[in-house]
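Structural overview
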Amino acid sequence: MRTENKSDILTIYLEGRIDSNNAADMEKELTSLVKSHNTGIVLDTEGLTYISSAGLRVLMKIQKNRKDRFTIINASPEIYDIFETTGFTEIMKVHKTIREIVINSEEVIGRGATATVYRIDDDTVVKVFNSMISLQMVLREREYARKAFLVGIPALITYDVVRIENCFGIVLEMAKGSVLSEKLNDEAVDKADVYKNYAELLKMINNTHVEKDKFPIAKDIYHGYVDAATYLDEEQKKKLHKLINAVPDKDNVLHGDFHANNVMYQDGEMVVIDLTDVSLGCPLFDLASMYVSHIAVGGYNPDFIKAGMGITYDMCLTLWDEFLKNYFMGEPAHEIEQKKDLIRRFAMLKQTLMYAIAPGLERYLGWKPLEDAGKILFDNESYLQLIDDLSGF
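Thresholds applied
Residues numbered from 1 in each chain as written. Predicted model: local features only at pLDDT ≥ 70, side-chain atom pairs only at ≥ 80, totals over all residues. Heavy atoms only, no water. Phe/Tyr/Trp six-rings, centres within 6.5 Å; stacked < 30°, edge-to-face > 60°. Salt bridge = Lys/Arg side-chain N within 4 Å of Asp/Glu carboxyl O. Helix = DSSP H or I, 4+ residues; strand = E, 2+ residues; numbered from the N terminus. Buried < 20%, exposed > 50% of the residue type's maximum accessible area, 1.4 Å probe, protein only. Contact = heavy atoms within 4.5 Å. 1 Å grid on protein atoms, 1.4 Å probe; cavity = no way out; pocket = protein on both sides within 12 Å on 5 of 7 lines; lining within 4 Å. Points joined across faces, edges and corners; volume = space filled by probe spheres on them. Nonpolar A, V, L, I, M, F, W, Y, C, P; charged D, E, K, R; others polar. Pairing = 2+ DSSP bridges. Axes fitted to C-alpha atoms, helices over the stretch in contact; angles between N-to-C directions. Parallel < 35°, antiparallel > 145°, perpendicular 65-115°, else oblique. Expected span 1.5 Å × (residues − 1).

Enumeration over the complete set of coordinates arrives at 15 aromatic pairs. Three or more aromatic residues link up through ring pairs in this structure, and these residues are Y198, F258, Y291, W320, F323, Y327 and F328.

Here it is, written out as structure tokens:
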């Protein structure tokens, strides 16, 4: 039995036969590995040729001792049949062997910080994630995309997960689609209609309400970011935890990373193509995240915006302003201005945590964004005012 750690995911490779002769030894070894690792567990069964009821009981016993369900991947048709016949596919996430595909001269139709989208043919594309993105994260995005589609969110139909050399990808439907950034760069396109559709898409997502077990809770995710921010001291972390807790509890669906390269047009309809960070909570989390990606980051490095979003920083400024006009359409002007100011101040939370979310970001932006955010978050007067204002959003 061998293991691999990647992106805080422990992958355990099961090989050969697991039956009554070695099940006890496997249980002892697996239990030790699982207890020493508190985050995601993946069991890779590509090398597994047989598993008996004794081996299945070991997996079930270990599963019961974990709060989250671990994931089984690369199950051959024979192994998958065993899991399915015994009902294990109902209590564990079991995925069949991942097929490999080759990308040669396929057209690139979208590029982001973590993935590149290639057109395979007229009906399908493949979203290829960089080598730092684990298989479990890719499987999670496909799961969230399917759930989002079923609750009415305009998302592409997701097919299978594939391997491309040392990376993983998701095959998606795509009928003559184009990313939003292409529309914004096309002088012949009516931008007013694009801005309106852009705002209405996120507003529709944010106005969707689902049960709390469908997606992660945004507050929990942000608490995790705070804990992972090793560059903050304990007093700063305590303040950020308190700030997160002050956000009103809501069950709205949040996209988590809404921007021009995560949205596409398909048959005239605007749809989202990245649901890795989908969660539930107050829409303020989404709006603040957008402020950071559309406004704050570009103020420190305009070229970073162009590379990540496919549009210039000037275009991004316009997109943000027009987005807010449409998102808050019909509300009194003075209330919109108050919300814009609150979004800007609350966005300093994401601006502070983005170094923990995307390690290495300081190479492109330096540490000044952190210093500037601290002037709002760690100054007692502005911090207390922000907490007080959150209750009114």
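To continue, consider the pattern of salt bridges. Side-chain pairs of opposite charge can arise whenever the charged atoms involved come near each other. Evaluation of the coordinates by the stated rule reveals 18 salt bridges. A salt bridge links E143 to K93; the nearest nitrogen and oxygen atoms lie 3.2 Å apart. Of the two residues, E143 is situated in helix α5 (residues 135-150) and K93 in strand β5 (residues 93-96); the sequence distance between them amounts to 50 residues. Residue classification places K93 among the partly exposed positions, given a relative accessible area of 26%. Bridged by salt links that share partners, the residues D341, R344, R345 and D389 form one connected network.

What follows covers the side chain of H223. Within the secondary structure layout, H223 lies in helix α8 (residues 218-228). Owing to a relative accessible area of 16%, H223 belongs among the buried residues under this scheme. Each residue touching H223, except ones within four places of it in the same chain, is listed here: H241, I244 and N245.

Quantified by volume, the second largest pocket comes out at close to 320 Å³. Around the second largest pocket, the lining comprises 21 residues; the ones closest to its centre are E4, Y13, D44, R163 and F168. Of all the secondary structure elements, the ones that give two or more residues to the lining of the second largest pocket are β1 (2-6), β2 (9-18), β3 (40-51), β4 (71-75), α5 and β11 (167-173). Tallied by class, the residues present in the lining of the second largest pocket amount to 7 nonpolar, 6 polar and 8 charged.

Our next topic: empty space enclosed by the protein. A complete count under the given rule lists 1 cavity of 30 Å³ or more for this structure. Every residue lining the largest cavity is listed: E141, A145, A155, L156, T158, I170, L172, V272, I273, D274 and L275. Looking at the lining of the largest cavity, the elements with two or more residues in it are α5 and β11.

The subject of this paragraph is the pairing of strand β8 (residues 115-119). Counting buried residues in β8 gives 5 out of 5 residues, a clear majority hidden from the surface. Side chains A115, V117 and R119 of β8 all project onto a buried face; the interleaved residues T116 and Y118 project onto the opposite face, where all are buried too. Where β8 lies against strand β9 (residues 124-129), 5 bridges are found, and the strand directions are antiparallel. The partner of R119 across the bridge, within β9, is V125. Between β8 and β9, which pair antiparallel one after the other, the connecting turn spans 4 residues.

For the rest of this paragraph, the subject is helix α15 (residues 368-377). Of all 10 residues making up α15, 7 are buried, and the element is well covered by its neighbours. P369, L370, D372, A373, G374, I376 and L377 are the residues of α15 that are buried. Buried residues belonging to α15 abut α9 (234-246), α10 (284-300), α13 (333-357), α14 (362-365) and α16 (380-390).

Bringing the sheet that holds β9 into the picture now. What holds strands together in a sheet is hydrogen bonding between their backbones, with the strands either parallel or antiparallel. Strand order in the open sheet made by the 6 strands is β6-β10-β11-β9-β8-β7, with mixed pairing throughout. Unpaired on one side and paired on the other, β6 (99-100) and β7 (108-111) mark the two borders of the sheet. Pairing of β6 with strand β10 (residues 158-164), which is carried by 2 bridges, proceeds in the parallel orientation. Across the sheet, residue R99 finds its bridge partner in β10, namely V162. Its contacts with the sheet put α5 on β9, β10 and β11, and the angle it makes with β10 is roughly 165°.

Glancing now at the environment of A115. For A115, the location among the structural elements is in strand β8. What makes A115 buried here is its relative accessible area of 11%. With 16 residues separating them along the chain, A115 and S131 place their C-alpha atoms 9.4 Å apart. Excluding residues within four positions of it along the chain, A115 makes contact with K127, V128 and F129.

We now examine the packing of α10 against α13. At a closest axis distance of 8 Å, the pairing of α10 and α13 adopts a crossing angle of 70°. Put simply, α10 runs roughly perpendicular to α13. For the pair α10 and α13, the contacting residues are L284, F285, L287, A288, S289, Y291, V292, A296, V297 and Y300 in the first and I343, R344, F346, A347, M348, K350, Q351 and M354 in the second.

Read across the open sheet, the 3 strands follow the order β12-β14-β15; overall the sheet is antiparallel. One side of each edge strand has no neighbouring strand; the edge strands of this open sheet are β12 (178-179) and β15 (269-272). Across 4 bridges, strand β14 (residues 263-266) lies against β15 in antiparallel orientation. Bridge assignment links Q266 to a residue of β15, and that residue is E269. Sheet strands in contact with helix α7 (residues 191-206) are β14 and β15, and its direction is about 45° off that of β15.

Taking 1.5 Å of rise per residue, the 16 residues of α5 would be expected to cover 22 Å, and the 23 Å separating its terminal C-alpha atoms lies within 8% of that figure. Along α5, the residues that are buried comprise L135, Q136, V138, L139, E141, R142, Y144, A145 and A148. Phi turns positive one or two residues past the end of α5, at G152, with a value near 100°.

Considering the arrangement of structural elements, one finds Y80 in helix α3 (residues 77-85). You can call Y80 buried: its relative accessible area is 14%. Those residues in contact with Y80, other than ones at most four positions away along the chain, are A75, T89, V94 and K96.

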